[in-house]
Amino acid sequence: PHRVAVIGGGVVGLSTLRTATLCGLRCILLEAKADLLDGASGRNSGIACTGVDAPVGSLERALIRDSISSLRGHLVRYNVPH
């Protein structure tokens with residue numbers, strides 16, 4: 001049986017699916033459309049959220065800052081201009 005059901009095949013859903021799978025969880029992706037990345041998050045402007053409006057010391061701000069750091073690492077690792 002699946003341990004995690006991810007709803008939506010957009011950027012957030014696929015990222016969640018990848019992370020859960022890499023953690024060894026058995027997952028299933030539920031997507032209404034025929035193509036992945038066809039919803040709002042798959043067609044965004046590519047601007048990373050800075051977290052400046054998130055409350056200081058909040059989990060939201062910590063997670064956003066952590067994701068920005070991870071993004072920078074991926075850009076450098078894969079030679080993506082930024």
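Definitions and cut-offs
Along each chain, residue indices are assigned from 1 in the same order as the chain's sequence is written. Reporting of local features is limited, given that this is a predicted model, to residues whose pLDDT is at least 70; pairs of side-chain atoms are given and counted only at 80 or more, and all residues count toward the totals for whole chains, interfaces and linings. Where side-chain values are given, they derive from all heavy atoms of the structure, hydrogens and water being excluded. A run of DSSP states H or I qualifies as a helix once it reaches four residues; a run of E qualifies as a strand once it reaches two. Both are numbered from the N-terminal end. Three labels apply to residues, based on accessible area from a 1.4 Å probe with only protein chains included: buried if under 20% of the type maximum, exposed if over 50%, partly exposed otherwise in between. A contact between two residues is defined here by any heavy atoms of the two lying within 4.5 Å. Pairing between strands is defined by DSSP: at least two bridges between them are needed. Viewed with both strands pointing away, a crossover whose connecting path from the first strand over the helix to the second turns clockwise is right-handed. Here a patch means residues that are over 30% exposed by relative accessible area and free of salt bridges, tied together within 9 Å if like-charged and within 5 Å if nonpolar (Val, Leu, Ile, Met, Phe, Trp, Tyr). Here the accessible surface of atoms and residues is derived via Shrake-Rupley with a 1.4 Å probe, and residues count as covered only by protein chains that are part of the display. One side-chain nitrogen of Lys or Arg within 4 Å of one carboxyl oxygen of Asp or Glu is enough to make a salt bridge. One fewer than the residue count of a helix, multiplied by 1.5 Å, yields its expected span. In this context, the arc is that of the directions from the helix axis out to the C-beta atoms.

Asks: Describe the overall build of the protein, naming the residues involved and giving the relevant values.
Replies: Secondary structure assignment for the protein yields 2 helices and 2 strands. The order of helices and strands in the protein, counted from the N terminus, is β-α-β-α. Burial analysis of the protein (82 residues in total) assigns 18% to the buried set. Considering only residue pairs separated by 6 or more positions, the protein has 25% of its internal contacts joining residues 24 or more positions apart.

Asks: Before we move on, can you summarise the environment of L36 with the specific residues and values?
Replies: Note that L36 resides in the loop between strand 2 (27–30) and helix 2 (59–77). Spatially, the C-alpha atoms of L36 and V11 are 8.9 Å apart, while their sequence positions differ by 25 residues. Not counting chain neighbours up to four residues away, the residues in contact with L36 comprise G9, L14, L29 and E31.

Asks: Describe the environment of V52, listing the residues and the values that go with them.
Replies: Its place among the elements puts V52 in the loop between strand 2 and helix 2. Overall, the relative accessible area of 60% leaves V52 in the exposed class. Note: C-alpha distance between V52 and I64 (12 residues apart in sequence) is 9.5 Å. Apart from residues lying up to four places away in sequence, V52 is in contact with R61 and R65.

Asks: Lay out the pairing of strand 1 (residues 4–7) with the relevant residues and their values.
Replies: Bridge count between strand 1 and strand 2: 4 bridges; the pairing is parallel. In the sheet register, V4 faces strand 2, and the bridge partner there is C27. In terms of handedness, the path from strand 1 via helix 1 (residues 11–22) over to strand 2 forms a crossover that is right-handed.

Asks: So what about a nonpolar patch on the surface? Which residues, and what values?
Replies: A surface patch of nonpolar side chains, amounting to about 340 Å² of accessible area, comprises V11, V12, L36 and L37. Turning to its location among the elements, V11 is positioned in helix 1.

Asks: I'd like a rundown of helix 2, residues and numbers included.
Replies: Three- or four-residue spacings in an α-helix give side chains the same orientation, since the helix completes a turn every 3.6 residues. Compared with an ideal rise of 1.5 Å per residue, which puts 19 residues at 27 Å, helix 2 spans 27 Å between its outermost C-alpha atoms and is within 8% of the ideal. All buried positions along helix 2 are accounted for by R61, I64, I68 and L75. Across the axial projection of helix 2, the buried residues extend over an arc of 65 degrees, all falling on one side. The exposed residues of helix 2 that point more than 90 degrees off its buried face are L59, L63 and R77. Among the residues trailing helix 2, N79 stands out with phi positive, at a value near 55 degrees.

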